[in-house]
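# Tertiary structure, described
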Amino acid sequence: MAVRHQQRLALLGGGFSTDDDGLLDDWLLTHARTPRPKVCFVPTASGDAAGYIERFWEVFGPREAESSVLSLFRRELDDEALRAFLLAQNVVYVGGGNTANMLAVWRTHGVDRLLHEACDRGTLLCGISAGANCWARGSHTDSFGPLTFLADGLGLLPGSVCPHYDSEAGRRPSYLSAVATGALDSGWALDDGTGAFFIDGHLTDAVTRAPQAQVYRVERDTTGTAVERPLPCRLITRAAPADPHQAPD
C-alpha cells in the first residue's frame, strides 16, 4: 500500500502563458523538491490548443526539467499507461480555459481519480485560471458564459477559488456575492501576478511579481457578508526567490 505524502497544491495568477519574466514558474519549481523535476502540462481546458502547447515547450523546454504534455483530445495512452505516466510526474501543471469542460473530460477519462492518487503520492498539482479553479471544492468561473459559481471541483483544496480577481470586470463583486450567499464556501482569491502554495489545505507561501497584486482570503461572516482579507505576499523580482517555506499570517 502506497504511503500517503503531504498534499501539495499551487494556485497561479500567471506563468509561462501570460508573463515574460518567468518569475512565477521559477517560484513554482522551488517547490518541486527535486533539481530536475518531471513537469507535465495538461492543456485540457483549452481543448489542447496547439499554440498553448507550443508556448509550454518554448518556455519549459530549455529549463532544468523533464517536460511533457498530456493530450486527452488525441489520447494515445491506455488506462494502465496513463496511470503510470501521471504517477511518475513531480509536477502536474494545468492550463487555463473552460473549467467545467475540463472537469467533464477528466472524469470521462478517469484523470480526476488519477490526480487524487498522484497528489497523495506527493506530486505537486498546480495551474492557472481553470488550472487553479479545479483543485478546490468550488470555484468562480465563466465556463457557462456569464460569471457564476461551479460547485463540483476535485475537492483537494477545501473551500473555493477565484482567479483573475483584479483583472476581469465583475470578478470581485460576483465572487463576494457567491460567498456571501453560501453558493460558494469561503476561499481564496488571486490577483493576476500572484501565487499561493498549500500543504494539506493550509496556505504556507504567497508571492507576487507585482507590488500591487494580492492574494486574499474571502470568508462569510456571521452577518452573511463576505469579507476579504489581503494576505502578506513576498515580492519576487528575480529567478531565485527567498525562502519558499516562509508562511504568511
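Scope of this entry: the structure provided in the associated data block. The structure presented is a predicted model; accordingly, all values stated were derived computationally and were not measured.

### Here we look at the nonpolar core
Membership of the largest hydrophobic core comes to 39 residues, with the highest contact counts inside it found for Leu11, Trp106, Leu115, Leu125, Trp135 and Leu157. With five residues, helix 4 (residues 99-109) is the single largest residue contributor to this core. When neighbours within four sequence positions are excluded, Trp106 is seen to be in contact with Val42, Thr44, Leu72, Val94, Val111, Asp112, Leu115, Cys134, Trp135 and Leu154. Formed by 25 residues, the second largest nonpolar core is a distinct cluster that contains Trp27, Leu29, Ala32 and Val39.

### Structural notes on helix 2 (residues 50-60)
Inspection of helix 2 places Tyr52, Ile53, Phe56, Val59 and Phe60 among the buried residues, and these make up the whole buried set. Summarising the axial view, the buried residues of helix 2 lie within an arc of 135°, below the 170-degree limit, and thus occupy one face. Opposite its buried face, helix 2 presents the exposed residues Ala50, Glu54 and Glu58, each directed more than 90 degrees away.

### A closer look at the pairing of strand 1 (residues 8-12)
Of all five residues in strand 1, five are buried, a share of seventy percent or more. Alternating residues of strand 1 divide into Arg8, Ala10 and Leu12 and Leu9 and Leu11, and every residue in both groups is buried. The pairing of strand 1 with strand 5 (residues 124-128) spans five bridges and is classified as parallel. Among the inter-strand pairings, Leu9 is bridged to a residue of strand 5, identified as Leu125. Of the pairings in the sheet, the one linking strand 1 to strand 10 (residues 194-199) comprises five bridges and is antiparallel in character. Bridge pairing links Leu12 to Gly195 in strand 10.

### A short note on the side chain of Ser67
Note on placement: Ser67 falls in strand 3 (residues 66-69). We classify Ser67 as buried; its relative accessible area is 16%. Of note is the side chain of Ser67, whose polar atom sits 3.4 Å from the backbone oxygen of Phe60.

Scoring rules and cut-offs
- Residues numbered from 1 in each chain as written.
- Predicted model: local features only at pLDDT ≥ 70, side-chain atom pairs only at ≥ 80, totals over all residues.
- Heavy atoms only, no water.
- Core = buried A, V, L, I, M, F, W, Y, C linked by side-chain atoms within 4.5 Å.
- Buried < 20%, exposed > 50% of the residue type's maximum accessible area, 1.4 Å probe, protein only.
- Helix = DSSP H or I, 4+ residues; strand = E, 2+ residues; numbered from the N terminus.
- Contact = heavy atoms within 4.5 Å.
- Arc of directions from axis to C-beta.
- Pairing = 2+ DSSP bridges.
- Polar contact = N/O pair within 3.5 Å; in protein donor to acceptor, adjacent residues only side chain to side chain.

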